[in-house]
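Listed below, chain by chain, are the residues.
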Amino acid sequence: SRVARSIFFFTTSPLSRLIMRFFCVAAALATASAFTTSPAAFTTISPSVGERSVNNVFADNSAHRTRKATIVMDGKANAIRDRITSVKNTRKITMAMKLVAAAKVRRAQDAVLATRPFSETLQSVFGGLIERLGGEAAELPLLTQRDVKKVTIVVITGDRGLCGGYNSFMIKKAEKRYNELKAAGVDADMVLIGKKGITYFQRRKFPIRKTFETGQNPDSKQALAISEELLNTFLSGETDAVELLYTKFVSLIASTPSIRTLVPFSASEISQKGDEVFQLTSGNGDFEVERKELDVAEPQEFPNDMIFEQDPLQIVNSILPLYLNGQILRTLQESVASELAARMQSMQSASDNAGSLAKDLSMQYNRARQAAVTQEILEIVSGAQALE
């Protein structure tokens, strides 16, 4: 037919071949220009002889403003890009958790400083009464040493995780101490403070007397409930000694699991033991902790002719529960500060790791993007050569 003859003539004529080749080359150049930048974006102004060029390094900055991102239709590159976004969002969350923990450390620090005047006054009055009574104070039940046949272990852990090895260190130390007492033929039970310790020891069927939650802001009401439980246990003869396991706050990057005997008390330790406070500061953009050793409170002087309305032994006997309450509150605050410091350090490490991972993923994404662009250019050039 006429249509078939015209199509055959058009496809076999030299002019049609030239036109088809022209369109193929034009399409290849248009596609390649999408992956190249404007030459004006990288040309510089050459200064004349003897002239210093300081500003206006780039001839035309409009090329940077009008450049469009290359769309990479590659599954691997897109997956890496999504992962980079996820890692960056995770880093924002960990940094926010670090700042929240730092704010709570400051609150714990203020709580310790607020209770310091009461502790000093209590220590001063107790020291003065002990000097006045002499050896009579040893007859008080809370100061009497017994033959140890049973020990109550008080373990302070945290309620939440994401704080490094804070909880695991304390749990391991408590379990080790329990096994040591059992090996020595001494019976033992536990008073657990903190959900992490409660969960661990309940699953392993340890003898548990009482459980409490730690919380993020310990107060005197919580400390009073714990001290009453310990005093009733000791005074009723159900236990012969009470040992406290807590985490001593050293710095933002270090804390030490410590053990001490709470009951029975030692009169010399109460009246002669100093104290220390910590203060969170920020220098050069980093958080730091300043520790300050405090001297022992001077014993209050009671003249020999002073007449007490109550028996001094009764006064000392009423002061000791207050001292126990203050010590438990102090150890709770110090343990919470240690937990928050460990969480700060853990979140800082997580943020650093997320930043490093995002950097590595960005490098992988750029390599995948360059490989995809190179592959497309090779395919276009190969197609253009096949048409020649």
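Anything mentioned here points back to the structure above.
Residues numbered from 1 in each chain as written. Predicted model: local features only at pLDDT ≥ 70, side-chain atom pairs only at ≥ 80, totals over all residues. Heavy atoms only, no water.

Visitor: I'd love a proper account of the overall build of the protein, names of residues and values included.
Guide: Across its full length, the protein holds nine helices and seven strands. Burial status across the protein gives 36% buried among its 388 residues. For the protein, contacts bridging at least 24 residues in sequence account for 73% of all contacts bridging at least 6. (Helix = DSSP H or I, 4+ residues; strand = E, 2+ residues; numbered from the N terminus. Buried < 20%, exposed > 50% of the residue type's maximum accessible area, 1.4 Å probe, protein only. Contact = heavy atoms within 4.5 Å.)

Visitor: Lay out empty space enclosed by the protein in plain terms, naming residues and giving numbers.
Guide: Under the definition given, this model contains two cavities of 30 Å³ or more. Of the volumes computed, that of the second largest cavity is approximately 40 Å³. Lining the second largest cavity are Lys104, Arg107, Ala108, Ala111, Gln216, Asn217, Pro218 and Gln333. At four residues, helix 4 (residues 75–133) tops the list of elements feeding residues into the lining of the second largest cavity. (1 Å grid on protein atoms, 1.4 Å probe; cavity = no way out; pocket = protein on both sides within 12 Å on 5 of 7 lines; lining within 4 Å. Points joined across faces, edges and corners; volume = space filled by probe spheres on them.)

Visitor: Could you give an account of the packing of aromatic side chains, with specific residues and numbers?
Guide: A full pass over the atoms with the stated rule returns four aromatic pairs. Summarising the aromatic geometry, the rings of Tyr178 and Phe206 are spaced 5.0 Å apart at their centres and angled 70° between planes, so their arrangement reads as edge-to-face. In this pair, Tyr178 is assigned in helix 5 (residues 166–183) and Phe206 in the loop between helix 6 (195–203) and strand 3 (208–212), connecting sequence segments 28 residues apart. Each member of the pair, Tyr178 together with Phe206, is buried. (Phe/Tyr/Trp six-rings, centres within 6.5 Å; stacked < 30°, edge-to-face > 60°.)

Visitor: Outline the pattern of salt bridges, supporting the account with residue identities and numerical values.
Guide: The full count for this structure, using the stated rule, is eight salt bridges. Close ionic contact of Glu238 with Arg209 constitutes a salt bridge, the shortest N to O distance being 2.6 Å. Residue Glu238 is located in the loop between helix 7 (220–235) and strand 4 (241–251), and its partner Arg209 is located in strand 3; the two are separated by 29 residues in the primary sequence. A relative accessible area of 41% places Glu238 in the partly exposed class. Counted as one network, the salt bridges with shared partners bring together Lys150, Asp189, Arg209 and Glu238. (Salt bridge = Lys/Arg side-chain N within 4 Å of Asp/Glu carboxyl O.)

Visitor: Provide a residue-level description of the side chain of Arg343, including the pertinent values.
Guide: Mapping Arg343 onto the fold places it in helix 9 (residues 312–387). Among the polar contacts made by the side chain of Arg343, one reaches the main-chain carbonyl oxygen of Gly161 at a distance of 2.8 Å. Those residues in contact with Arg343, other than ones at most four positions away along the chain, are Ala101, Arg160, Gly161, Leu162, Cys163 and Gln216. (Polar contact = N/O pair within 3.5 Å; in protein donor to acceptor, adjacent residues only side chain to side chain.)

Visitor: Run through helix 6, naming residues and quoting values.
Guide: Of all the residues in helix 6, the buried ones are Gly197, Ile198 and Phe201. Projection of helix 6 onto a plane perpendicular to its axis shows the buried side chains occupying an angular sector of 100°, all on one side. Of the surrounding secondary structure, the elements contacted by the buried residues of helix 6 are helix 5, strand 2 (187–193) and strand 3. With its phi angle positive at about 60°, Lys205 sits one or two positions after the end of helix 6. (Arc of directions from axis to C-beta.)

Visitor: Outline the nonpolar core, listing residues and values.
Guide: Grouped together as the largest cluster of nonpolar side chains are 34 residues, with contacts concentrated most on Leu230, Leu262, Val263, Phe265, Leu320 and Ile328. Put simply, the parts of the chain that give this core at least two residues each are helix 4, strand 1 (150–156), strand 2, helix 7, strand 4, strand 5 (254–263) and helix 9. Element by element, the count of residues in this core is highest for helix 9, at nine residues. Core analysis: the next-biggest nonpolar cluster, separate from the first, contains 17 residues, Ile153, Tyr178, Leu181 and Phe206 among them. (Core = buried A, V, L, I, M, F, W, Y, C linked by side-chain atoms within 4.5 Å.)

Visitor: Can you break down the pairing of strand 2 residue by residue, with the values?
Guide: Within strand 2, six of the seven residues are buried, which leaves the element mostly enclosed by the surrounding structure. In terms of strand pairing, strand 1 meets strand 2 through seven bridges, oriented parallel. Residue Val151 lies in a different strand from strand 2, and its bridge partner there is Ala188. As for the winding sense of the linkage, the β-α-β connection from strand 1 through helix 5 to strand 2 is right-handed. Since strand 2 and strand 3 lie parallel, the crossover through helix 6 that links them has a hand, and here it is right-handed. (Pairing = 2+ DSSP bridges. Right-handed = clockwise from strand over helix to strand, strands pointing away.)

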